[in-house]
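Secondary and tertiary structure notes
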Amino acid sequence: MDYKSMEVEKNVVENYKEEEMEKEETIISKKKQLGGIKTMPFILANEVCDRFAGVGFHANMITYLTQVLNLPLVKASNTLTNFGGTSSFTPLIGALIADSYAGRFWTIIIGSIIYELGMISITISAIMPQLRPPPCPTQQNCVEASHLQLWVLYVCLLLTSIGAGGLRPCVVTFAADQFDLKKSKHDQSQSWNFYNWYYFCMGVATLAALTIVVYIQDNVSWGLGLGLPTIAMALSIVAFVLGSSLYRKVKPGGSPLIRLAQVIVASVKKRNVVVTDPALLYQNRELDAIISSDGRLLHTNQFRWLDRAAVVVDGDDINGSSNKPNLWRVATVHRVEELKCIFRMLPVWGAGILLITSHSHWGSFTILQARSMDRHISHNFQIPPASLSIFTVLTVLMGLPLYERIFLPFARRFTGNPAGITCLQRMGIGFAINIIATIVSALVEIKRKAVAAQHGLIDQPTTVIPISVFWLVPQYCLHGAAEVFMAVGHLYIPTDQSPESMRSTAAALNSLTTSFGNYLGTLMVSLVHNYTGNEHNWLPDRNLNKGKLDYYYWLVTGVQVLNLIYYMICVWFYKYKPLEELTESIKETDVELANNKNSSSTAN
């Protein structure tokens, strides 16, 4: 080969390299332009429609089961809590799929489509007369839904439960992906504002569903009343897809459960190793780059037995040519701390189980209470029983701004915390308010039954008791006040305190508390129903006037008091995750390492 040929070949290679560098710079520039506030109209439109659909579908379902399918009280309520538990379990599967393989974007779309299929199915079943039993306006000697009719219902509810598995763990974390979460402590209050206003928008959608959809279901038809949420769910899918070109789509970082298992296995293998100096534990910035773009987790002294997994011993081969050791033998500090984060959150999540258990049947029981009370607002208009939840929503909508404008500045003066109080303290206040709400529920039920006895209506389940339904409003408002403190914290913890690459999984693990709580609630209600006798059963099948619902509420109050004590102990020992403070040089290094890692993965 002559000199000119070599020179030409050299120029071609250099031009190729320049073109590749330009392409890479263009890709990086486009990535920087993705996400941000411009994606929020599409995400919020999706969430508003989704929340409108979900609330419109579920809020009045106890009425559908007891008044249309003629199911007994406990069977109907347990059906809803069982499928509610399933809807809170499937997010774990959806989160693993999102974090490991599909990514949050596609998991949300697939979950939405499955959810929509379930809603279409139950809407059709509400329209077709052969899929429901004959009407029973007297609520005596009613013909219950047949096995076929119940199986149609179960399949519809199962589809919505599976669909929820793709939505619940991913939507909030996908919204968080659109923002730069590499923030200092001084920016934490902005994150709180984002979650507060996100929850505010969801409250508006809930309010619309509780007024419009529930009224149509009670006064027009169930076909139209379920059809509107079905249409809204379809619109939510369209809104989400329209913004697809603007979203920042975080790539899956591999199965987080495998990483956790690797840390456990490595620590067990090295159970006899002594950790002498935490500074000598294994670190590998390149290996962790793809799962630590918000900053690496720093070493903590909690659960120190796990630190053995990061001790380097003979045979670990940390300097191999691939710069990737056998992760079943040695783990980085960041990966060990990921597992510690989950361990720290588990007791706090556990406290939510008994709270959900206590609250799981409250919505169904209060709707049936309201149906027996005077619901007239004017001479010609009655408020639908399920619409009473608007008082909870209104309390939330008013409470969030009051929290932001009054409580938060007041708390800052005493705590010095930009967020006023920590999310765990905020949730603790919510636990306490829920106890007060349950006490009020018991007292109101005592009053309702006393009026029924006074007018000789104990044996007349379909006759309206002359007591205003607005006696139920205080407990709805108290539950709303509890949500102001609790719900935002439940959104905040999985995204802030979990490792960044496990946010969907952490949100799903958090939702397991709802799942276990619902199943435990079903067990508790079934035991109460089965062992409190036939004549004076606390939770009778048809006639709530003959029951002792107030006794059930006192039982629930005791459970919540014990749970609050447990929660306070958990908070006392909880340690927030320490995160590496990112400087510009560290950011640039980590971005370069992540890009190199992605390039090598593509080449392989």
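Rules of the game
- Residues numbered from 1 in each chain as written.
- Predicted model: local features only at pLDDT ≥ 70, side-chain atom pairs only at ≥ 80, totals over all residues.
- Heavy atoms only, no water.
- UniProt positions renumbered as here; feature names shortened; annotations may be inferred.
- Helix = DSSP H or I, 4+ residues; strand = E, 2+ residues; numbered from the N terminus.
- Buried < 20%, exposed > 50% of the residue type's maximum accessible area, 1.4 Å probe, protein only.
- Contact = heavy atoms within 4.5 Å.
- Areas by Shrake-Rupley, 256 points an atom, 1.4 Å probe, with all protein chains shown as cover.
- Salt bridge = Lys/Arg side-chain N within 4 Å of Asp/Glu carboxyl O.
- Expected span 1.5 Å × (residues − 1).
- Bend = angle between axes of the 7 residues up to and from the residue.
- Axes fitted to C-alpha atoms, helices over the stretch in contact; angles between N-to-C directions.
- Parallel < 35°, antiparallel > 145°, perpendicular 65-115°, else oblique.
- Left-handed = near helix turned anticlockwise from the far one by under 90°.
- Nonpolar A, V, L, I, M, F, W, Y, C, P; charged D, E, K, R; others polar.
- Core = buried A, V, L, I, M, F, W, Y, C linked by side-chain atoms within 4.5 Å.
- Pairing = 2+ DSSP bridges.
- Phe/Tyr/Trp six-rings, centres within 6.5 Å; stacked < 30°, edge-to-face > 60°.
- Lys NZ or Arg CZ within 6 Å of the ring centre and 35° of its normal.
- Patch = residues over 30% accessible without salt bridge, like charges linked within 9 Å, V, L, I, M, F, W, Y side chains within 5 Å.
- Polar contact = N/O pair within 3.5 Å; in protein donor to acceptor, adjacent residues only side chain to side chain.
- pLDDT = per-residue confidence, 0-100.

- With an unreviewed UniProt entry as reference, the chain is termed LOW QUALITY PROTEIN: protein NRT1/ PTR FAMILY 3.1, source organism Nicotiana tabacum.
- Annotation of the chain in UniProt includes, under Subcellular location (unreviewed entry), the sentence "Membrane".

1. Looking at the overall build of the chain
- Scanning the chain for helices and strands turns up 18 helices and 2 strands.
- In the chain, which comprises 604 residues, the share counted as buried stands at 51%.
- Counted over contacts in the chain with a minimum sequence separation of 6, partners at least 24 positions apart contribute 84%.
- Carbon and sulfur atoms make up 63% of the accessible area of the chain, which amounts to about 27800 Å² in all.

2. Some details on the pattern of salt bridges
- Per the counting criterion, the structure on display carries 7 salt bridges.
- With its nearest N and O atoms 3.6 Å apart, the salt bridge here joins Glu 144 to Lys 75. In this pair, Glu 144 sits in the loop between α4 (73-127) and α5 (147-167) while Lys 75 sits in helix α4, placing the two residues 69 residues apart along the sequence.
- With a shortest N-O distance of 3.3 Å, Lys 546 and Asp 459 are connected by a salt bridge. Of this pair, Lys 546 sits in the loop between α16 (503-531) and α17 (549-573) while Asp 459 sits in the loop between α14 (423-454) and β2 (465-468), placing them 87 residues apart in sequence.
- Where salt bridges share partners, they join Asp 307, Glu 337 and Lys 340 into one cluster.

3. Considering α4
- Its 55 residues give α4 an end-to-end C-alpha distance of only 23 Å, which falls more than 12% under 81 Å, the value for a rise of 1.5 Å per residue.
- At Ala 102, α4 shows its maximal kink, close to 125°.

4. A word on the packing of helix α3 (residues 61-68) against helix α12 (residues 362-371)
- Orientation of α3 relative to α12, taken along the N-to-C sense of each, is 60°, at an axis distance of 9 Å. Put simply, α3 runs oblique to α12. Crossing angle aside, the handedness with which α3 passes α12 is right-handed. Contacts between α3 and α12 involve Ile 62, Thr 63, Thr 66 and Gln 67 from the former and Ser 364, Ile 367, Leu 368 and Arg 371 from the latter.
- Looking at side-chain class alone, the contact of α3 with α12 contains 3 nonpolar, 4 polar and 1 charged residues.

5. Observations concerning the environment of Ile 439
- Looking at the element boundaries, Ile 439 is found in helix α14.
- Taking relative accessible area as the criterion, Ile 439 reaches 31% and is therefore assigned partly exposed.
- Sequence-wise, Ile 439 and Asp 550 are 111 residues apart; in three dimensions their C-alpha atoms are separated by 9.1 Å.
- What Ile 439 contacts, discounting residues up to four positions off in sequence, is Trp 554 and Thr 557.

6. A few points about the nonpolar core
- With 83 residues, the main nonpolar core has Phe 57, Tyr 64, Leu 65, Leu 388, Leu 472, Leu 539 and Tyr 552 as its most contacted residues.
- Take this core: its biggest share by element is 12 residues, from α4.
- Sequence-distant contacts of Tyr 64, that is, excluding residues within four places in its chain, are made with Leu 69, Ser 125, Ala 126 and Trp 222.

7. Brief notes about the pairing of β2
- Going residue by residue along β2, you find Ile 465 and Ile 467 tucked away on one face and Pro 466 and Ser 468 left uncovered on the opposite face.
- Bridge count for strand β1 (residues 373-374) against β2 is 2 bridges, and the pairing is parallel. Bridge pairing links Asp 374 to Ser 468 in β2.

8. A closer look at the packing of aromatic side chains
- In total, this model carries 23 aromatic pairs according to the counting rule given.
- Taking the centre distance of 5.4 Å and the plane angle of 25° together, the rings of Phe 105 and Phe 240 count as stacked. With Phe 105 in helix α4 and Phe 240 in helix α8 (residues 222-242), the pair connects residues that are 135 residues apart, well separated along the chain. Accessibility classification places Phe 105 together with Phe 240 in one group, the buried group.
- What links up through ring pairs into an aromatic cluster is the set Phe 105, Trp 106, Phe 174, Phe 240 and Tyr 247.
- Geometry around Phe 105 places Lys 249 over its ring, the cationic atom sitting 4.2 Å from the centre.
- Seen from the ring of Tyr 403, Arg 426 lies directly overhead, with NZ or CZ sitting 3.9 Å from the centre.

9. A look at unusual backbone geometry
- Notably, Asn 70 is not glycine yet its phi reads approximately 60°, a positive angle.
- Exposure remark for Asn 70: the relative accessible area of 0% places this residue in the buried category.
- For Phe 303, which is not glycine, the phi torsion reads 50° and is therefore positive.

10. Focus on the packing of α14 against α17
- For the pair α14 and α17, the least separation of the axes is 9 Å and the interaxial angle reads 170°. Taken together, the axes of α14 and α17 are roughly antiparallel relative to one another.

11. Thoughts on a nonpolar patch on the surface
- Together, Tyr 215, Val 220, Leu 224, Ile 377, Phe 381 and Phe 470 give the surface a local cluster of nonpolar side chains, amounting to about 520 Å² of exposed area.
- Take Ile 377: it is sitting in the loop between β1 and α13 (390-415).

12. Side note on α17
- Taking 1.5 Å as the rise per residue, α17 with 25 residues should run 36 Å; its terminal C-alpha atoms sit 37 Å apart, in good agreement.
- All of the buried residues in α17 are Leu 549, Asp 550, Tyr 552, Tyr 553, Val 556, Thr 557, Val 559, Gln 560, Asn 563, Leu 564, Tyr 567 and Cys 570.

13. Some remarks on the side chain of Asn 60
- Mapping Asn 60 onto the fold places it in the loop between α2 (40-58) and α3.
- At 2.7 Å, the side chain of Asn 60 and the side chain of Thr 63 are in polar contact.
- When residues no more than four places from it in sequence are discounted, the contact partners of Asn 60 are Val 214, Gln 217, Asp 218, Trp 222 and Ala 386.

14. So, the environment of Pro 91
- By secondary structure assignment, the location of Pro 91 is in helix α4.
- Taking the C-alpha atoms as reference, Pro 91 lies 8.1 Å from Leu 509; in sequence the two are 418 residues apart.
- The contact partners of Pro 91, leaving out residues within four places of it in the chain, are Ala 164, Gly 165, Arg 168, Pro 169, Ala 508 and Ser 511.

15. Considering the confidence of the model for the chain
- Looking at the chain, the pLDDT average stands at 81 and 84% of residues meet or exceed 70.
- Counting contacts from residues 26-31, a segment whose pLDDT is below 50, to residues more than four positions away or on other chains yields 1 contact.
- Note that residues 183-191 has pLDDT below 50 and, in this model, 9 contacts with residues that lie over four places away or in other chains.

16. As for the environment of Lys 548
- Positionally, Lys 548 belongs in the loop between α16 and α17.
- Its relative accessible area of 23% is what places Lys 548 among the partly exposed residues.
- Considered as a pair, Lys 548 and Trp 538 are 10 residues apart in the sequence and their alpha carbons are 4.1 Å apart.

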